[in-house]
Amino acid sequence: MSKINTKRIDMEINTSTWMLVFFIILLVVSIWKIYAFLPNKELADDDTTEASHEELIYLMLKVIKSSDANIEAAVLYKKMRNDKSFDEKHFWRFNQNRLNKLLSQYYLENPDVFSIEDIYKTL
């Protein structure tokens, strides 16, 4: 009778394999947790939408039209904040820099306009 040599195959997993498995598991859990906390729907006070942008442009033009032609940006900002149609809760992030950005975008969209005075003349 011949002897059959049976080798025992050890299924030991070394340390680096365990580290790799736990790293992948923790990476998947971390990505899921980050995704779970990202906002998926539009917030009620989000003033970065296109509709909010158009509303601010409309308000800016309305205030410029009701003012004189020599209004400065700081005065325009104060008048926009004090306007009765300005929603404090919705535009809680509105500041002087946002107004400057609105003006710059308006100047880019209308190449014949270079200042607030030019906006007043075109209205």
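Residues numbered from 1 in each chain as written. Predicted model: local features only at pLDDT ≥ 70, side-chain atom pairs only at ≥ 80, totals over all residues. Heavy atoms only, no water.

Q: Got a minute to help me understand the nonpolar core in this structure?
A: A general tendency of soluble globular proteins is for nonpolar side chains to be buried together. Counting 21 residues, the largest nonpolar core has Met60, Leu76, Met80, Phe94 and Leu99 as its most contacted members. Those elements giving two or more residues to this core turn out to be helix 2 (50–66), helix 3 (73–82), helix 4 (96–109) and helix 5 (116–122). Per-element tally for this core: the top contributor is helix 2, with seven residues. Setting aside residues up to four positions removed in sequence, Met80 forms contacts with Leu56, Leu59, Met60, Val63, Phe86, Phe94 and Leu99. (Core = buried A, V, L, I, M, F, W, Y, C linked by side-chain atoms within 4.5 Å. Buried < 20%, exposed > 50% of the residue type's maximum accessible area, 1.4 Å probe, protein only. Helix = DSSP H or I, 4+ residues; strand = E, 2+ residues; numbered from the N terminus. Contact = heavy atoms within 4.5 Å.)

Q: I keep staring at helix 3 and nothing clicks. Help me out?
A: Residues that lie three or four places apart on an α-helix share one face, since the helix turns once every 3.6 residues. Considered for burial, the residues of helix 3 that qualify are Leu76, Tyr77 and Met80. Here the buried residues of helix 3 occupy an arc of 105° about the axis, which is enough to place them on one side. Of the residues in helix 3, the exposed ones pointing more than 90 degrees away from the buried face are Lys78 and Asn82. Turning to helix 3, the residues buried within the fold contact helix 2, helix 4 and helix 5. (Arc of directions from axis to C-beta.)

Q: What exactly am I supposed to notice about a nonpolar patch on the surface here?
A: On the surface, Ile13, Trp18, Val21, Phe22, Ile25, Leu26 and Val29 cluster together into a nonpolar patch covering about 650 Å² of accessible area. Inspection of the secondary structure assignment puts Val21 in helix 1 (residues 15–37). (Patch = residues over 30% accessible without salt bridge, like charges linked within 9 Å, V, L, I, M, F, W, Y side chains within 5 Å. Areas by Shrake-Rupley, 256 points an atom, 1.4 Å probe, with all protein chains shown as cover. Salt bridge = Lys/Arg side-chain N within 4 Å of Asp/Glu carboxyl O.)

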